Amino acid sequence: MARASLRRRGIGLLLLAVVATATAVLWRDPFLLVRGEFVRQRIVAGLSRGTVEAAGHRWVYAQREAGGGDAPTIVMLHGYTGSKENWYPLARELDGGYRLLIPDLPGWGESERKPGAVYGFPEQAANVAAFIRATSPGRPVLLLGHSMGGGIAALAAARYPREIAQVGLLDAAGVRFRENPFGLDVLAGGNPFAVDDEASLRRYIDIVFHDANAKPWLPWPATTGLIRKRRADAAFEQGVLDRIGRSSESLLPGEEAARIRQPALLLWCRQDAVIDASALDLYAQRIPQARKVLLEGCGHMSLMERPREVADAVVALLENGENAGDAE
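Residues numbered from 1 in each chain as written. Predicted model: local features only at pLDDT ≥ 70, side-chain atom pairs only at ≥ 80, totals over all residues. Heavy atoms only, no water.

Concerning the side chain of Ser 278
Here is step 1: Within the fold, Ser 278 resides in helix H11 (residues 278-286).
Here is step 2: Of the residues examined, Ser 278 reaches a relative accessible area of 15% and is grouped as buried.
Here is step 3: Among the polar contacts made by the side chain of Ser 278, one reaches the main-chain amide nitrogen of Arg 178 at a distance of 2.8 Å.
Here is step 4: Beyond its immediate stretch of four places on either side in the chain, Ser 278 contacts Phe 177 and Arg 178. (Helix = DSSP H or I, 4+ residues; strand = E, 2+ residues; numbered from the N terminus. Buried < 20%, exposed > 50% of the residue type's maximum accessible area, 1.4 Å probe, protein only. Polar contact = N/O pair within 3.5 Å; in protein donor to acceptor, adjacent residues only side chain to side chain. Contact = heavy atoms within 4.5 Å.)

Examining helix H9 (residues 234-246)
Here is step 1: Taking 1.5 Å per residue as the helical rise, H9 with its 13 residues ought to reach 18 Å, and the 17 Å between its terminal C-alpha atoms agrees with that figure.
Here is step 2: Regarding H9, the residues found buried are Phe 236, Glu 237, Val 240, Leu 241, Ile 244 and Gly 245.
Here is step 3: On its buried face, H9 is in contact with helix H4 (121-135), helix H5 (148-159), helix H6 (181-187) and helix H8 (222-232). (Expected span 1.5 Å × (residues − 1).)

Quick notes on H5
Here is step 1: For H5, with 12 residues, the first-to-last C-alpha span of 17 Å sits near the 16 Å given by 1.5 Å per residue.
Here is step 2: Most of H5 sits out of view: 11 of its 12 residues are buried.
Here is step 3: All buried positions along H5 are accounted for by Met 148, Gly 149, Gly 150, Gly 151, Ile 152, Ala 153, Ala 154, Leu 155, Ala 156, Ala 157 and Ala 158.

Quick notes on the pattern of salt bridges
Here is step 1: By the definition in use, this model includes 22 salt bridges.
Here is step 2: Here Glu 65 and Arg 99 are joined by a salt bridge, their closest N and O atoms 3.3 Å apart. Separated by 34 residues along the polypeptide, Glu 65 in the loop between strand S2 (57-64) and strand S3 (73-77) and Arg 99 in strand S4 (residues 99-103) bring together distant segments of the chain.
Here is step 3: Looking at Glu 65, the relative accessible area reads 49%, which means it is partly exposed.
Here is step 4: The residue Lys 114 makes a salt bridge to Glu 112 at a minimum N-O spacing of 3.3 Å.
Here is step 5: Using a relative accessible area of 32% as the deciding quantity, one classes Lys 114 as partly exposed.
Here is step 6: Linked through salt bridges whose partners overlap, the residues forming this network are Arg 49, Lys 84, Glu 85, Asp 104 and Glu 110. (Salt bridge = Lys/Arg side-chain N within 4 Å of Asp/Glu carboxyl O.)

Quick word on the environment of Gly 239
Here is step 1: Residue position: Gly 239 is located in helix H9.
Here is step 2: On the accessibility criterion, Gly 239 (33% relative accessible area) is partly exposed.

Observations regarding the packing of helix H7 (residues 198-208) against H8
A packed helix pair is summarised by two numbers, namely the angle formed by the two axes and the spacing between the axes.
Here is step 1: Interaxial distance between H7 and H8 falls to 10 Å at its minimum, and their mutual angle equals 90°. As the angle between them shows, H7 and H8 are arranged roughly perpendicular. In contact with Glu 198, Leu 201 and Tyr 204 of H7, H8 contributes Thr 223, Ile 227 and Arg 230.
Here is step 2: Counted by class, the contact of H7 with H8 contains three nonpolar, one polar and two charged residues. (Axes fitted to C-alpha atoms, helices over the stretch in contact; angles between N-to-C directions. Parallel < 35°, antiparallel > 145°, perpendicular 65-115°, else oblique. Nonpolar A, V, L, I, M, F, W, Y, C, P; charged D, E, K, R; others polar.)

And the structure:
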C-alpha cells in the first residue's frame, strides 16, 4: 500500500511538473500554441513542410504531391496579414489528383523578411514567378491568389505567362471597388486590420469573416500570442499597406489584368466587407474569358468560409478552362 501511495504521489508530482513547465513555456511564447495548431491543421490536410531559396529569399511552404507525375500544380497565395495556413481548409477539399504548393510570401509568415526590401505588388509578382520556376521548373501552374495575393496573382499572370497556365482571383485587391468603410479607412491612411489588443483582434476577425460558424476559435493564451505578433509586425504591415492600398501601384493589378490571356476564375462572396463584390465585375471587364462565381452568405475569407464551393470552382477551371461559364 505504501509503495502504491508513493507511486501515485510520484505520478502526481510529475504531472504537476509537466503542467508547470508547459505553463511557463506558453507564458514566455504564447504563439507556440498557435504554431502547434497550424501544424495539426497541416497534417490533417495531408500537407508537408518545405523550404526553397528563390528571388533571394528563403521561402517556407506547405506541399502535397499528387499521385501522378503529370498532375496539375496549384500554387496558392495568401492575402494581407494572412499566411499559408489560410488555404488549409481548401487543401482538404481538393483530392489527391493535384500537386499543391502553398507558400508564405516573402516578408510574411515563416518566410524570410529582409530589412529594407520592398514587398509591393510588382516585387511580389516577380518573387512568385521565381518561386514557381524553382518549385515547378518547366511546368506552368494554376496560380490562385486571395485578397492581396489575388492582386499579386493578377500581375504575375499578366507579366509571367510562361509560368502560369491558369489564374484564379479570390476576393482580389487591385481595382477601385465600390466605396465601403474598409476602403475609406485605408484611403484615409488607416489600417482597419491593425491588431494591438483583444478588442481590435475581435474587430479584425469580424471584418474578414461573415459566416459566424467559420470564425476561428481563439482561446487564451493563443489570443495573447497573436496580439504580440501583430504588434511586432505593425510597422511592416503599415508599410505594405501604404504601397498596395493607397500608392500609385494600388490599382496596377487591375490595370494590367487586361493582358491576362490564360483561362481564369473570378470568385467573390457577396457579403465581402473588405473588397466589395463590385470588384468581381471590374476584373471581369478586363478578363472577359474569366468564369465568374459569386457565393452567398460569406465574407472576405471565401477560402475558409466556403472551401467546398471554392474547390468546385477551382476544379471546374482546371477541367473546363474557358468554357466553364458563369456561376452567379
